[in-house]
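Inside the fold
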Amino acid sequence: MAAALDTRSLLIEATVKELVKTGAAVLRVSVIAQEVGISEASVYHFFKNKLDLVESAHIESYRRSHLEMVVPFQAAVDLSETNEDFRRAIKKLFAMVHSPERYAIRAVRIQALGAAVTSERLRKALIDINGEVQNRVTEVIKSGQKLGWVNPNSDARSLAYWINGVIMGRVFIEMDPEWGDTSQWDEISVNAVLRAFN
């Protein structure tokens, strides 16, 4: 059973990597199978069809990318002793999420969100992931409110979802090869988030 789970995980991981390179429309199951070292027919032992494989990869990458963001944020905020520490934690989070290396992660998230428009299974999974992750961010914001670091009149849940929207919005400039230097966008977005806390 462990080998089956490992193979399934390897297929999902290979699919996530391929989604970053090609997108779902041109993704080939044969390439995924070859990457994992199994026959294409064996893929269908783990997944009903290509759509099942792609959706499973979208769900896993979406969950993972959000948790990679929120766990260090929670830890940094938990260690904050002052409002200045809290603000530094926010800036550090944004420096991490704005790094060019995370573009592929944001792009796959956008693919997943787009695919969720027509897939009930994917839509439900992403709603659950968003709920789980944003509840954690909401709790961090509520902690900041109790400590006087975040405006107590702000709706913490709305603020949590809005911050995620700011992070995802960076894809707009990253898609444009003519954009060039993104530092001004990065500065505006982190300053907007910090102002929203006041």
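Below you will find a few notes about this structure. (Residues numbered from 1 in each chain as written. Predicted model: local features only at pLDDT ≥ 70, side-chain atom pairs only at ≥ 80, totals over all residues. Heavy atoms only, no water.)

In terms of nonpolar packing, the biggest core is built from 34 residues, with I90, F94, I141, I163 and F197 touching the most fellow members. Mapped by element, the contributors of at least two residues to this core are α4 (50-78), α5 (83-97), α6 (103-116), α7 (120-146), α8 (156-169) and α10 (183-197). Ranked by residue count, the leading element in this core is α7, at 8 residues. If sequence neighbours within four positions are ignored, F94 has contacts with I163, V166, I167, S189, V190 and V193. Membership of the second largest hydrophobic core comes to 16 residues, among which are V29, I32, V43 and L53. (Core = buried A, V, L, I, M, F, W, Y, C linked by side-chain atoms within 4.5 Å. Buried < 20%, exposed > 50% of the residue type's maximum accessible area, 1.4 Å probe, protein only. Helix = DSSP H or I, 4+ residues; strand = E, 2+ residues; numbered from the N terminus. Contact = heavy atoms within 4.5 Å.)

A word on the pattern of salt bridges. On inspection of all chains with the given rule, the structure shows 14 salt bridges. Two residues, E55 and R121, come together in a salt bridge whose shortest N-O distance is 3.3 Å. Of this pair, E55 sits in helix α4 while R121 sits in helix α7, placing them 66 residues apart in sequence. The class for E55 is buried, based on a relative accessible area of 8%. Note that R88 is salt-bridged to D85, the shortest N-O span being 2.5 Å. Taken as a pair, R88 and D85 lie in helix α5 at a separation of 3 residues, close to a single helical turn. For R88, a relative accessible area of 47% gives the class partly exposed. For D85, a relative accessible area of 23% corresponds to the partly exposed category. Each of R106, R170, E174 and D186 takes part in salt bridges that share partners, so that together they form one network. (Salt bridge = Lys/Arg side-chain N within 4 Å of Asp/Glu carboxyl O.)

We now examine the packing of aromatic side chains. Describing an aromatic ring pair means giving the distance of the ring centres and the angle of the ring planes. Tallying each qualifying case throughout the model produces 2 aromatic pairs. For the pair F86 and W149, a centre-to-centre distance of 5.4 Å together with 35° between the ring planes defines the contact as tilted. Placement of the pair is F86 in helix α5 and W149 in the loop between α7 and α8, with a sequence separation of 63 residues. On the accessibility criterion, F86 (1% relative accessible area) is buried. Ring plane angle 45° and centroid distance 5.5 Å describe the contact between F86 and F197, whose orientation is recorded as tilted. You can see F86 sitting in helix α5 and its partner F197 sitting in helix α10, a full 111 residues away along the chain. For F197, a relative accessible area of 1% gives the class buried. (Phe/Tyr/Trp six-rings, centres within 6.5 Å; stacked < 30°, edge-to-face > 60°.)

Here we take up the packing of α8 against α10. In contact at an axis separation of 11 Å, α8 and α10 are set at 175° when each is read in the N-to-C sense. One way to sum up the angle between α8 and α10 is to call them roughly antiparallel. Contacts between α8 and α10 involve L159, W162, I163, V166 and G169 from the first element and W185, S189, A192, V193, A196 and F197 from the second. Partitioned by chemical class, the residues of the contact of α8 with α10 number 9 nonpolar, 2 polar and no charged. (Axes fitted to C-alpha atoms, helices over the stretch in contact; angles between N-to-C directions. Parallel < 35°, antiparallel > 145°, perpendicular 65-115°, else oblique. Nonpolar A, V, L, I, M, F, W, Y, C, P; charged D, E, K, R; others polar.)

Attention now moves to the side chain of S119. Structurally, the position occupied by S119 is in the loop between α6 and α7. The exposure class assigned to S119 is buried, which follows from its relative accessible area of 8%. Engagement of the side chain of S119 in a polar contact is seen with the side chain of E55, the distance being 2.5 Å. Only 3.1 Å separates the side chain of S119 from the backbone nitrogen of L122, close enough to count as a polar contact. (Polar contact = N/O pair within 3.5 Å; in protein donor to acceptor, adjacent residues only side chain to side chain.)

Geometric descriptors of this kind do not, in isolation, establish any biological role.
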